[in-house]
Amino acid sequence: MSDRRIEFEPFACAPALKLEAHERVSLLQTEALNARIDRLELMLERVERRLWLAVYGVAAVTLSQAFVELMSVAR
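Parameters and conventions
Residues numbered from 1 in each chain as written. Predicted model: local features only at pLDDT ≥ 70, side-chain atom pairs only at ≥ 80, totals over all residues. Heavy atoms only, no water. Phe/Tyr/Trp six-rings, centres within 6.5 Å; stacked < 30°, edge-to-face > 60°. Helix = DSSP H or I, 4+ residues; strand = E, 2+ residues; numbered from the N terminus. Buried < 20%, exposed > 50% of the residue type's maximum accessible area, 1.4 Å probe, protein only. Patch = residues over 30% accessible without salt bridge, like charges linked within 9 Å, V, L, I, M, F, W, Y side chains within 5 Å. Areas by Shrake-Rupley, 256 points an atom, 1.4 Å probe, with all protein chains shown as cover. Salt bridge = Lys/Arg side-chain N within 4 Å of Asp/Glu carboxyl O. UniProt positions renumbered as here; feature names shortened; annotations may be inferred.

- The protein chain goes by Gene transfer agent protein in an unreviewed UniProt entry, where it is assigned to Salipiger aestuarii.

Spelled out as structure tokens, the structure:
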């Protein structure tokens, strides 16, 4: 006997195609979700920056009013 094997050419079956399509859809959904998370992080950084700007503004106004009161008392 010889060691000859019959080689069949690969074929696409319905379950395999369905699985590949599901994997592609899952990959696209994951990429879209990651992009959305990145945009949300950028927006959150901007909001945080504005919040700190407001906090520093309130602190500056409070300190300037205290300074004006000290100057008026010193006269």
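**Regarding the packing of aromatic side chains**
Geometrically, a pair of aromatic rings is defined through the distance of the ring centres and the angle of the planes.
Item 1. Overall, the coordinates contain 1 aromatic pair when judged by the stated rule.
Item 2. A ring pair is formed by Trp 52 and Tyr 56, whose centres lie 5.9 Å apart and whose planes are at 35°; its orientation type is tilted. Taken as a pair, Trp 52 and Tyr 56 lie in helix α1 (residues 14–74) at a separation of 4 residues, close to a single helical turn.
Item 3. Classification of Trp 52 by relative accessible area gives partly exposed; the value is 44%.

**Overview of a nonpolar patch on the surface**
Item 1. Where nonpolar side chains cluster on the molecular surface, the patch consists of Leu 51, Trp 52, Val 55 and Tyr 56 and spans about 440 Å² of accessible area.
Item 2. Using a relative accessible area of 53% as the deciding quantity, one classes Leu 51 as exposed.

**What to know about the UniProt feature "transmembrane region" (unreviewed entry) in the protein chain**
Item 1. The UniProt entry lists residues 51–68 under the feature "transmembrane region" (unreviewed entry), expressed in the numbering used here.
Item 2. End C-alpha to end C-alpha, residues 51–68 measures 26 Å, and it is 100% helix and 0% strand.

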